[in-house]
Amino acid sequence: MTAASAVKRGTPLTDFTNIPHSAASQSAGDIKRVKYAGALKQVKPSSFEEDLTKFEEDISGSAESDQKWARPSLKNFDPKTTPIVFQQIDAEESMYDGHPVVRLFGVTEEGHSIMCNMTGFYHYFYVQAPYGFEQYHVNSLDDYLNNLFPGAIYSIEIVSRWSIMYYLGESASAFLKITVNDPRLINRVRSGFERGQVEWRDGSVGFALETTYDNIQYVLRAMIDTKLSGMSWVTLPEGKYSVTPDIQKISSCQLEVQIPFDKIVAHPSEGEWLKMAPLRILSFDIECAGRKGIFPEPDVDPVIQIANVISRHGDSKPFVRNVFTLNTCSPIVGSQVIENRTEQEMLLGWRDFVREADPDVIIGYNIVNFDLPYLLDRAAALKVSDFPFFGRLSNVRQDMKDSTFSSKAYGTRESKVINIDGRLQFDMLQLVQRDYKLRSYTLNAVSAHFLNEQKEDVHHSIITDLQNGGAESRRRLAVYCLKDAYLPIRLMEKLMALINYTEMARVTGVPFSFLLTRGQQIKVVSQLFRKALQLSLVVPNMHQEGSSDEQYEGATVIEPVRGYYDVPIATLDFSSLYPSIMMAHNLCYTTLLTPEYLKRAGSGLELDRDYERTPNGDYFVKSSVRKGVLPVILEELLGARKRAKADLKKEADPFKKAVLDGRQLALKISANSVYGFTGATIGKLPCLAISSSVTAYGREMIEQTKSFVENNYNIEHGNSHNAQVIYGDTDSVMIKFGPDDLKECMRLGQIAADRVSQEFPNPIKLEFEKVYYPYLLINKKRYAGMYWTKPDKPDKMDTKGIETVRRDNCRLVQTVIETVLQKILHDRDVSGAQEFVKRMISDLLLNKIDLSLLVITKALAKADYAAKQAHVELAERMRKRDAGSAPTLGDRVAYVIIKGAKNDKNYERSEDPLYVLENNIPLDTKYYLENQLANPLKRIFEPILGTRQTNSLLNGSHTRTISVAAPTVGGLMKFAVKTEVCMGCRTPLSGVYAKGALCKNCLSRAPELYRKQIDNVNVLETKFARLWTQCQRCQGGLHQDVICSSKDCAIFYMRKKSQKDVQDATTQLARFDNTEW
Amino acid sequence: MSLMAPVASSSISDSASLLSDPKKEDSYSEYQRCANPCLPIEKYDKEFKIDRKTVRYEQQYANLYFVRLSILKRRVEKVAAEAWDGIEFWSQPAKQVDRVLDVKQGELSWVVGTVYMEMPQKPNILDEITKEFWTVVPISKDKFADPEHDEITLEDDSGRLVLAGSVIKNQLIVTGCVIAVLGAETASGEFEVRDIIFPGLAPQIPRSISTSTSKRYIALISGLDISGSIHQGYETSLLIEYLMGELGSDPSFAHGSDIVHAIFAGNSLAEASESDSDSANSLLPSKDKKYGYDKASYDSKPTETLDSILAELSMSLSIDLMPGDQDLTNSSMPQQPIHPALLPKTRRFVKSTFTTVTNPYWCEVDGARILGTGGQAISDIYKYVKGDDRIEMMKSTLLWQHCAPTAPDTLWSYPFQDKDPFILDECPHVYFAGNQPEFATTVMQGDDGQRVRIIALPKFSVTKEIVLLDIDTLECEVVSFKAGV
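Owing to the predicted nature of the structure, the values given are computational and were not obtained by experimental measurement. (Residues numbered from 1 in each chain as written. Chains lettered and ligands numbered in written order. Predicted model: local features only at pLDDT ≥ 70, side-chain atom pairs only at ≥ 80, totals over all residues. Heavy atoms only, no water.)

Caption draft 1: Molecular detail of the overall build of chain A. Helix and strand content of chain A: 28 helices and 38 strands. Classification of the 1077 residues of chain A by burial places 55% in the buried group. Accessible area for chain A stands at about 46,500 Å²; split by element, carbon and sulfur atoms hold 49% of it. (Helix = DSSP H or I, 4+ residues; strand = E, 2+ residues; numbered from the N terminus. Buried < 20%, exposed > 50% of the residue type's maximum accessible area, 1.4 Å probe, protein only. Areas by Shrake-Rupley, 256 points an atom, 1.4 Å probe, with all protein chains shown as cover.)

So, in structure tokens, the structure goes:
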């Protein structure tokens, strides 16, 4: 080799390029030419000019509807020739001209708002006609009642009806339909009968029975009788309605009309009538300037901003975005800023805005319990008496009532009720709390969960500072406020909340507003009464008796054979089990036989031909004798669901798809709630004979399925293994067929499901749905497995009852459990899972786990807790430290458990994570291991490894290395003198080496030890940089400091810690500069 | 082996004492060839150096952006005001709007601000840590750019404005540069950009004409990637021999002996091995089975090898050692000089022929002012833009008057409080970026007579190339070391 061959000569490069200051684009040149040419006409229009023209058109074109509050104006029309078609969204009871009316609020397809008084409908109820009551008795009774209840009775009619309760033969009974003049009087008249106050007697004819029938509120009654369901479309035919002249209008609706109730055309919600009117949805959020350490109080603390976003249902972008501010505020792109000098001005401005924009739905986050009450209270405190008039009835003021809503399904909640007539209120917080189980319900956590978006969280103590800053800082606040107003709309869209609830209202027939404010029962009641009307049935007014404790035997659970199954486990499910039992066995109020009736000679019914005995010992007639109402309702619901699902498959339009999906979901939920209705002992019409029989049938079927499978799929019958039912619950059985071949098990599952289905009457159907493989059965209602519906790849990992969402768990638990399950089930790597657990435990004990994973949060709900609780105690201690930043009522308190004296209680050892970070306070890692991690881990590993090995997982050698951070506060630390030690050998440094990094002996290891330190610095510098730039991105601004204090955010504590860590590490590194070499 | 290079051999006056007593470093200053001709520019050296004893990390990054904007805003405003003076459209003159948020819908106007690119593909630490533990942290993507979803915004302390239109979309632009835009806000609230102005080349300090007769070169080397592996040594030893003037006598190409100075522009060491980098980058709990610091995992070879090389070279050449992202110093910008403690042999030449310097680094040789970087800023810009024209990116940084605009957003940086050391107050005569995929060079000329030699330095470990810069003409040539011929 020669050196010459290795070295090549490069070519000197001298390409000169002229670069002007501007990154000149072609269009820039054009601009200049325009200028130099002097006159525009002489120049051929460049593409830029054309663009600009278009651009100006764009601006003027869309500006027409953008930020324009008012509805499209109403064109003149002739009521004689023009029908009005609208979607009614709310109905309420009222009086018009001294007569009761149902007031419907709605929106036409063109987006006009309308209020329609449905006149001429009088409220009524039934009583059984006394024996021998004839037409000629009517007048006498009428007189008597009108005397007893002056002016109450409108009419009395003899009608023929059946009571919904019991099968008592075919013949109908005579009932009196008593109609009253004013719905408000109906309860007095009704209770007059029920309490035996009505002592009318005409010869031998008189009232003995004290039961009345059909107790239902006026609005619902009217809707049922006119076949109106919630959120449905109606047509007011031309010539049948009258329009109220503008000067007589009592509402702010564009149209105000009257129509007799029997002239209105109600459209069933199907086909084209599944559409939605362009509802205007207002989402708003307010900010209040509280005082340090005190949650804002409306008597004292001003409302400083109200942000509003209005979108039309179905539009992709909101067309109104504005914010009302107290004091000046810098402009915000794309949003109107409406500055106000005083709060009074702002409140009234907002009221006028709502009136003009005329929203149909008002949404927000916690508006029902915070924003709206605060505005009303604040207006009252400021004596702005004109403020609470933003409903659709111009002269009805908005008032607030406390209500307690109690439901078995949703628990008890205290809540405010505010009447905003004609506008629906839809609080997204209430909705999310109802329908989803989450770790946290802050807007931040909820939007992170559903929209996958972190939101900047400004603590309310900073809000006042921002307000007291300049127009700029108020602008910053306004941007948060706008975001908080916009997020609920996006949440609503994402969760399809409006659509799903609309479909629920349509399916069950109740007004939309009932869905959030009332329980499950009203939905069944509505359906039951609708059906009853068709079939001339009347529903007895049951007095709510019995206690909620009264229990009947529930669903059966086949004792789980716990363990870890490494073979496919087929799962067979009864689809819609309870509804199909009710249909199959014709279980209903109307088919229930009383023992007395059966005993009575001449009933002529024969067991098993005409009626059957349920496993619970009740008797019901078969559908050949009389078809039950509930089975009919259920058939209709499930039939409609089948159709909706079929349509869903065909539909291509995503919007219509969403509606159909919402509909099938609503139908499913409704079908399932019918069973619950019959079993609700403090309900409207409980009938334990039905509900107990349903569950009894269910239990029998599960047992039957189990024995069928085990008797038919065994070696005796030519199978390779003996099948075993390892678990069964309510409507499903889990079968271990034996083979480890997935396809084979699916085949067996399918055949078994078909064969078992044949054993049961229609429409009961056992379906093969999925295979779990592998499957970890921990206990009743606690299991996990990979979920397969196709043999080629698993659909997902499915877990039940392994609750990691509980908030009193720290995030570490959730993360560890999820990872362990993933490793065991997905990767089938049990030893990997064990390794992982060991590493995590070791990291935990070595303080290597990020603090944010160890934070536990709890809401500070009430001031006086009886038992001492960690978060309450901590809040108290924090208040003593600094009242300004301490959590106040309603805040969530985040804490960690620190090491304490031996006998300290847990609640004494809670500490603020930030305080812990600042002062290097050692955490009680043992607490986290024993009280947080140990039990969930045991539950998972015991079925797999057995108790002994599981214990060694939790107590093995990896738990023996412990390091404790030295606290820098408290007690003796004040007196300690800090001496640096050598980074190599930990010898205390002295003499010329005292300030350096290394001792004399370790100097030769300098490169190695320096590298160790620099590596550490690099990790921390990177972490610092990444965390803080991430926060800048999230807040959407580079030029302002991040002030977010969202404790829910995964990096909140991490970023704080990184500041300190990188600083410490860099200072350590600096010691090398002082080292005497 | 070839002879010692003539100049070197003739000018070493007392080689015996040199070899025997390294403590007498002073002797080098008399050594005529090596009288360190290239000196750090003190003003910039101070700017980039961070005193680790007094560093503070309590502050956030907002200040850095704020300072940057306030300084560069003045500069770009001047250029823009001149360029757009009198521009009108349909008798609507283009007015300057002082702040981003004062832009009014439909009015032709221009405004200055900091660019921020909202890019969904940017690595997101929040995603990484909230994602379940088992998902592998994605390998840092080659590019963030995703024209479909990216959003270009202009920001100042008042707020943010979304920039739209093909003019801005087709412009090479990254987060952090300060620009002026001309256009108008549309109904959707976006600012339709019609023209863009950058601060442009900064003023250049004129260079006196050199009078030297002999050729003098500075060797620019980047990406040695020394791993200590024996397989790597061949080209590296050729390089060393060449730099020492021990190679070749063909008069047709530049002599090693004409090289008066060498700048090692970053990544002299290879990237730490897999397992090391794993634990260094991961924010999740460590995956090592051993707990605490593991002495055995330290591999001293790379640093020892580098130390030997530098010590050897320092005897005959003056050397500047700049750090790069793989080197043993802080990885965030500005990178601090590699600590002499790591180089026990070379340490002796500090204050004479060996200087360990910052990255970025400004030095001056014979009136020519040189700005060098380890190349991270350019490699980071690469991730934002469509193509791979490194020279174009380097030109852009000069026009932006900022040599690391993406710091701190995606290029990690120290949170400076009251300055932004990456702002270019002057235009260098030579501007190089190390560790680029291949060699490229150009000369850029400014309106005010600025002339900058721009050099993208290749990674030696990949291309086996170094660049020689002629101190007098500022022309450069590439020297290639290929084995096996």
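Additional details are given in the paragraphs that follow.
Caption draft 2: Summary view of the packing of aromatic side chains. Counted by the stated rule, this structure contains 47 aromatic pairs over all chains. Their ring planes at 80° and their centres at 5.6 Å tell us that Tyr 124 of chain A and Tyr 126 of chain A sit as a pair that is edge-to-face. With relative accessibility at 2%, the residue Tyr 126 of chain A sits in the buried group. With a centroid separation of 5.4 Å and an interplanar angle of 65°, the aromatic rings of Phe 426 of chain A and Tyr 501 of chain A are classed as edge-to-face. Of this pair, Phe 426 of chain A sits in strand β23 (residues 424-427) while Tyr 501 of chain A sits in helix α13 (residues 497-508); the two residues are 75 residues apart in sequence, bridging distant segments of the chain. Through successive ring pairs, a cluster of aromatic residues spans Phe 1024 and Trp 1028 of chain A together with Phe 48, Tyr 57, Tyr 61, Tyr 414, Phe 416 and Phe 422 of chain B. (Phe/Tyr/Trp six-rings, centres within 6.5 Å; stacked < 30°, edge-to-face > 60°.)

Caption draft 3: Geometry of unusual backbone geometry. The omega torsion across Asn 762 of chain A and Pro 763 of chain A is -5°, close enough to zero to call that bond cis. Summarising the element assignment, Pro 763 of chain A is placed in the loop between α21 (742-759) and β33 (766-779). Pro 334 of chain B follows Met 333 of chain B through a cis peptide bond whose omega is -10°. In this structure, Pro 334 of chain B sits in the loop between β12 (318-322) and β13 (354-356). Positive phi, normally seen in glycine, also occurs at Met 496 of chain A, with a value near 50°.

Caption draft 4: Just helix α4 (residues 137-148) of chain A, in detail. Residue and element names in this part refer to chain A. Given a rise of 1.5 Å per residue, 12 residues ought to cover 16 Å, and the 16 Å separating the end C-alpha atoms of α4 matches this to within 8%. What α4 keeps buried is the set His 137, Val 138, Leu 141, Asp 142 and Leu 145. Seen along its axis, α4 keeps its buried residues to an arc of 130°; they face one direction. Across α4 from its buried face, at more than 90 degrees, point the exposed residues Asn 139, Asp 143 and Asn 147. If you follow the buried residues of α4, they end up packed against β7 (153-163), β8 (173-180), α5 (186-194), β9 (201-202) and β10 (205-206). (Expected span 1.5 Å × (residues − 1). Arc of directions from axis to C-beta. Contact = heavy atoms within 4.5 Å.)

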